[in-house]
Amino acid sequence: MLGGLAITVLSAASAQAALISTSACDSSTLTQPFLPWGDSNEYKLIPGGDFEGSLAGWTLSGGARKVAGSEPYGATKSVGSSSLSLPAGASAQTPFTCVNAAYPTFRFFARNDGPVSSVLVSVVYSAPLLGTVSVPVGTVTLGTGWQPTLPMLTASAVEGAVSGGTAQVALRFTAIGGSSQIDDIFVDPRMKW
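Cut-offs applied
Residues numbered from 1 in each chain as written. Predicted model: local features only at pLDDT ≥ 70, side-chain atom pairs only at ≥ 80, totals over all residues. Heavy atoms only, no water. Helix = DSSP H or I, 4+ residues; strand = E, 2+ residues; numbered from the N terminus. Buried < 20%, exposed > 50% of the residue type's maximum accessible area, 1.4 Å probe, protein only. Contact = heavy atoms within 4.5 Å. Core = buried A, V, L, I, M, F, W, Y, C linked by side-chain atoms within 4.5 Å. pLDDT = per-residue confidence, 0-100. Pairing = 2+ DSSP bridges. Phe/Tyr/Trp six-rings, centres within 6.5 Å; stacked < 30°, edge-to-face > 60°. Lys NZ or Arg CZ within 6 Å of the ring centre and 35° of its normal.

### Focus: the overall build of the chain
Okay, so step 1: Across its full length, the chain holds 2 helices and 13 strands.
Okay, so step 2: Here the chain holds 193 residues, and the buried ones make up 44% of them.
Okay, so step 3: Long-range contacts, defined here as pairs at least 24 residues apart, represent 78% of the contacts in the chain between residues at least 6 apart.

Set out below in structure tokens:
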């Protein structure tokens, strides 16, 4: 009886593994940008997420723009010279990038440019049948100095299962209550904790 139960559980686990892909969905370079904060997971940089080059594919509104100044820790292997300014009410959306169950979280650096600043963060899915769907995943309250955010969930395992293994997602950042700056946005492709 117990042996039959074990085989059933293993069969169900194998079927679930076949539905949700956990392999990398692209060949992005992986680094450990949050290691100084005790996070040894490997991450890929969102396209244009260091704000050092072109913002092709980004959608900026409400006065969001690239400005001088960067997080001082060199999370991308060197200290940059630019970041993204989000005046109160402004928003910015990253280009779409592939995710699957292997890309469960994302993190970025942020700081406020005035009192009572926070950033509403949403994951935008490109769903084959529904078009684009935006799902708020949290609000980040900011301090006056650059700090990494805590990990935030992409829900990639759910979307990957629905769409056959991989999905396209973008991240949307909206400043509420005051001006903010963000920099160096990373997605974790291999959650180990």
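### Some remarks on unusual backbone geometry
Okay, so step 1: The backbone of Phe-51 shows a phi angle near 60°, a positive value even though the residue is not glycine.
Okay, so step 2: Mapped onto the elements, Phe-51 comes out in the loop between strand 1 (44-45) and strand 2 (59-61).
Okay, so step 3: The exposure class assigned to Phe-51 is buried, which follows from its relative accessible area of 0%.
Okay, so step 4: Backbone geometry places Asp-184, a non-glycine residue, at a positive phi of 45°.
Okay, so step 5: The class of Asp-184 is buried, set by a relative accessible area of 2%.

### Structural notes on the nonpolar core
Okay, so step 1: In terms of nonpolar packing, the biggest core is built from 28 residues, with Leu-86, Phe-108, Phe-173, Ile-182 and Ile-185 touching the most fellow members.
Okay, so step 2: At 5 residues, strand 12 (residues 167-176) tops the list of elements feeding residues into this core.
Okay, so step 3: Dropping the residues within four chain positions of it, Phe-108 is found in contact with Phe-34, Val-121, Val-140, Gln-147, Pro-148, Thr-149, Met-152, Phe-173, Ile-182, Asp-183, Asp-184 and Ile-185.
Okay, so step 4: Counting residues in each nonpolar core, the second largest holds 6 residues, with Tyr-43, Ala-75, Phe-109 and Trp-146 among its members.

### Some remarks on the confidence of the model for the chain
Predicted coordinates in areas of low pLDDT are best not read in detail.
Okay, so step 1: Of all residues in the chain, 76% have pLDDT values of 70 or greater, and the mean over the chain is 81.
Okay, so step 2: This stretch, residues 1-22, has a pLDDT under 50; its non-local contacts, to residues over four places away or in other chains, come to 13 contacts.

### A few points about the pairing of strand 7 (residues 105-112)
Okay, so step 1: Across the 8 residues that make up strand 7, a large majority, 7, are buried.
Okay, so step 2: Across 2 bridges, strand 7 lies against strand 11 (residues 152-153) in antiparallel orientation. Following the sheet pairing, Thr-105 is matched in strand 11 by Leu-153.
Okay, so step 3: Strand direction decides the pairing type here: strand 7 and strand 13 (residues 180-188), joined by 7 bridges, are antiparallel. Across the sheet, the residue bridging to Thr-105 is Asp-188, located in strand 13.
Okay, so step 4: Here 2 bridges tie strand 7 to strand 10 (residues 147-148), and the two strands are oriented antiparallel to one another. Residue pairing across strands places Phe-109 opposite Pro-148, the latter belonging to strand 10.

### Describing the environment of Gly-131
Okay, so step 1: Tracing the sequence through the fold places Gly-131 in strand 9 (residues 131-141).
Okay, so step 2: The exposure class assigned to Gly-131 is partly exposed, which follows from its relative accessible area of 32%.
Okay, so step 3: When neighbours within four sequence positions are excluded, Gly-131 is seen to be in contact with Tyr-125 and Ser-126.

### Description of the packing of aromatic side chains
Okay, so step 1: Enumeration according to the criterion identifies 9 aromatic pairs in this entry.
Okay, so step 2: Geometrically, the ring pair formed by Trp-37 and Phe-109 is edge-to-face, given 5.6 Å between the ring centres and 70° between the ring planes. Taken together, the positions of Trp-37 in the loop between helix 1 (2-19) and strand 1 and Phe-109 in strand 7 put the pair 72 residues apart, joining distant regions of the chain.
Okay, so step 3: For Trp-37, a relative accessible area of 31% puts it in the partly exposed group.
Okay, so step 4: Ring pairing ties together the aromatic residues Phe-34, Trp-37, Tyr-43, Tyr-73, Phe-109 and Phe-186, which thus form one cluster.
Okay, so step 5: Above the face of the Phe-34 ring, Arg-107 is positioned so that its terminal group lies 4.4 Å from the ring centre.

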